[in-house]
Amino acid sequence: MSDKDLLLQGETIVFTGSREPVEAVRHAQALGAETLYVPLVTTSIRQLDKPDLDGYDWLIFTSRTSAQAFCQLDEKVTAKIAAVGDQTAAVLQQHGYTVDFIPRVFSADHFIQEFPVVSGKVKCLFIKGNLAKNTIASMHMQVDEWTVYDTVLDLKNAEKLVQLKDVIILFASPSAVSAYRQAGGGWSNIRTAAIGHVTQGAIEANGGKVDFTPKKYTYMEVINEIAKGSFSK
């Protein structure tokens, strides 16, 4: 690879999600970036009695973590499955499940616009984390909720992150933004990248400016967006 291909040389990108996106990290490094992984949220799987899955027409997943927690149960299901995002769908598919619906835009608010057209009025089970918003449940159909994991803010790591300067901090959820702000994080001397318009909105609501955000809400695409140097409008 020549120097002209090292589009991120001299940049430091900080990943803050509950898991380290290995493929995206390697991609950033291949483009010349230094990378750090400072998770601002952690998750813990709940040990709860499961509902009667046979009583639902659709199971809905909006995160990799909820999909991973469900797959640990190794349940056979007759319901159809809806997943918000390629990565969430990939987890389910890797465990032998068929994903019947993925929205064009990987966010819950777009999901609730597209899904009813496909499903009709059916009985759904939303498998989620404790901090999930009520967007999915707001659909005009029966949507029961099953909380399978808890999200905890890692304020110690957030305090470490606050000390960094001249870095690009990649936020993948409003929870990560909340942890950063609770630790006293400001917006000067850093640039920010956001996955998803909801996360972007959380940064802006807290007085920040989003410098990079991809049209497709994935880690790989946000790295490509940073590499292009395209500032979000």
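Presented here is an overview of the structure given in this document. Per-chain numbering applies: the sequence of each chain, read as written, is numbered from 1 onward. Where local features are concerned, this predicted model is filtered to residues with pLDDT of at least 70; where side-chain atom pairs are given and counted, the filter is 80 or more; whole-chain, interface and lining totals use all residues. As a rule here, side-chain values come from all non-hydrogen atoms in the structure, and water together with hydrogens is ignored.

1. Considering helix 6 (residues 174-182)
Okay, so step 1: When helix 6 is considered as a whole, its buried residues turn out to be S175, A176, V177, A179 and Y180.
Okay, so step 2: Throughout, a residue-residue contact means that at least one pair of heavy atoms, one from each residue, lies within 4.5 Å. A run of DSSP states H or I qualifies as a helix once it reaches four residues; a run of E qualifies as a strand once it reaches two. Both are numbered from the N-terminal end. Elements in contact with the buried residues of helix 6: strand 3 (41-45), strand 7 (142-153), helix 5 (155-162), strand 8 (167-171), strand 9 (190-194) and helix 7 (197-205). Working definition: with a 1.4 Å probe on protein chains only, accessible area under 20% of the residue-type maximum means buried, over 50% means exposed, and in between means partly exposed.

2. Let's talk about the pairing of strand 8
Okay, so step 1: With five of its five residues buried, strand 8 lies for the most part within the structure.
Okay, so step 2: Burial along strand 8 is two-sided: V167, I169 and F171 and I168 and L170, pointing in opposite directions, are all buried.
Okay, so step 3: Direction of pairing for strand 1 (residues 12-15) relative to strand 8: parallel, over a ladder of three bridges. Residue pairing across strands places F15 opposite L170, the latter belonging to strand 8.
Okay, so step 4: Throughout, right-handed denotes a crossover for which the path from the first strand over the helix to the second runs clockwise when the strands point away from the viewer. Handedness of the crossover is the feature at issue here: the chain leaves strand 8, passes through helix 6, returns alongside strand 9, and the resulting connection is right-handed. For two strands to be treated as a pair, DSSP must find no fewer than two bridges joining them.

3. Concerning the side chain of T218
Okay, so step 1: Note that T218 resides in the loop between helix 7 and helix 8 (219-228).
Okay, so step 2: Owing to a relative accessible area of 13%, T218 belongs among the buried residues under this scheme.
Okay, so step 3: Within the local environment of T218, its side chain forms a polar contact with the backbone nitrogen of E221, the two atoms lying 3.2 Å apart. Think of a polar contact as two N or O atoms within 3.5 Å of one another; within protein, one of them needs to be a possible hydrogen donor and the other a possible acceptor, and neighboring residues in sequence only count if both atoms come from side chains.

4. Notes on the packing of helix 1 (residues 22-30) against helix 8
Okay, so step 1: Relative orientation of the contacting elements helix 1 and helix 8 amounts to 20°, with a least axis distance of 8 Å. In terms of orientation, helix 1 and helix 8 fall into the roughly parallel class. Considering the relative orientation of helix 1 and helix 8, their crossing is right-handed. Across from E23, A24, H27 and A28 in helix 1, the residues of helix 8 making contact are Y219, M220, I223 and N224. What counts as an axis is a line fitted to C-alpha atoms, over the stretch in contact for a helix, and the angles between N-to-C directions run from 0 to 180 degrees. Should an angle fall under 35 degrees it is taken as roughly parallel, and over 145 as roughly antiparallel, whereas 65 to 115 is taken as roughly perpendicular and any remaining angle as oblique. Less than a right angle of anticlockwise turn of the near helix away from the far helix marks a crossing as left-handed, whereas a clockwise turn marks it as right-handed.

5. A look at the pattern of salt bridges
Okay, so step 1: For this document, the term salt bridge refers to a Lys or Arg side-chain nitrogen within 4 Å of an Asp or Glu carboxyl oxygen. Counting across every chain of the model gives six salt bridges.
Okay, so step 2: We note a salt bridge from E11 to R191, for which the minimum N-O separation is 2.5 Å. Taken together, the residues span a long stretch of sequence, with E11 in the segment before strand 1 and R191 in strand 9 at a distance of 180 residues.
Okay, so step 3: Of the residues examined, R191 reaches a relative accessible area of 28% and is grouped as partly exposed.
Okay, so step 4: R46 is paired through a salt bridge with D150; the nearest N and O atoms lie 2.8 Å apart. Here R46 is found in the loop between strand 3 and strand 4 (58-61), whereas its partner D150 is found in strand 7, with 104 residues between them in sequence.

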